[in-house]
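# Chains, contacts and geometry: an overview
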Amino acid sequence: QVQLVESGGGLVQAGGSLRLSCAASGRTWSSYAVGWFRQAPGKEREFVAAISRSGGSTDYAGSVKGRFTISRDNAKSTSYLQMNSLKPEDSAVYYCAASQTYRGTPVVEHGYDYWGQGTQVTVSS
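The structure contained in this document is the topic of the report that follows. (Residues numbered from 1 in each chain as written. Predicted model: local features only at pLDDT ≥ 70, side-chain atom pairs only at ≥ 80, totals over all residues. Heavy atoms only, no water.)

The buried fraction of strand S4 (residues 33–39) amounts to six of the seven residues, a majority that puts the element mostly inside the structure. For S4 and strand S9 (residues 92–99), the ladder comprises seven bridges, and the chain directions are antiparallel. Across the sheet, the residue bridging to Gly 35 is Ala 97, located in S9. Here S4 pairs with strand S5 (residues 46–51) via five bridges, running antiparallel. Across the sheet, residue Phe 37 finds its bridge partner in S5, namely Phe 47. Between the end of S4 and the start of S5, which pair antiparallel, lie six residues, with Gly 42 showing a positive phi angle near 75°. (Buried < 20%, exposed > 50% of the residue type's maximum accessible area, 1.4 Å probe, protein only. Helix = DSSP H or I, 4+ residues; strand = E, 2+ residues; numbered from the N terminus. Pairing = 2+ DSSP bridges.)

The structure is reproduced here in structure tokens:
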């Protein structure tokens, strides 16, 4: 079992940047694929980005491709989501998730076994 804690959210102006972190407990972080999802008020949670166990494969939602970068540091049991050129429509609660079931980059919620509590990102226009 793994516990996930997100950090790095906040308020930023449009065009700005934020880096979210997802810190995991346990010593087997490299056994988990990692995904980031987000949920805006009144909307369903949606996929943002995912990275494979080794970090060799990544996947992005079309709305963030070219602006967001997912990465991981298995030695630190941490994953990151670098968000650049932020837009007001990026405002949401961002969740980190870990999958022990899938080896690739799951893009659906049911592909993940563990979830963090979320961190709020607000982008002002």
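Another point: the state of the cysteines. Under the criterion given, the structure shown has one disulfide. Between the sulfur of Cys 22 and that of Cys 96 lies a disulfide, 2.0 Å long from S to S. Measuring handedness by torsion sign, the sulfur bridge of Cys 22 and Cys 96 sits at about -70° and is left-handed. Of this pair, Cys 22 sits in strand S3 (residues 18–24) while Cys 96 sits in strand S9, and the two are 74 residues apart along the sequence. Exposure class is identical for Cys 22 and Cys 96. Each is buried. (Disulfide = S-S within 2.5 Å.)

What follows is about the environment of Ser 91. For Ser 91, the location among the structural elements is in the loop between strand S8 (78–83) and S9. Look at Ser 91 and you get buried, because its relative accessible area is 18%. Here the alpha-carbon distance between Ser 91 and Val 107, two residues 16 residues apart in the chain, equals 20 Å. Dropping the residues within four chain positions of it, Ser 91 is found in contact with Ala 40, Val 121, Thr 122 and Val 123. One polar contact links the side chain of Ser 91 to the main-chain carbonyl oxygen of Pro 88, over a distance of 2.9 Å. Looking at Ser 91, its side chain comes within polar contact range of the main-chain nitrogen of Val 123, at 2.8 Å. (Contact = heavy atoms within 4.5 Å. Polar contact = N/O pair within 3.5 Å; in protein donor to acceptor, adjacent residues only side chain to side chain.)

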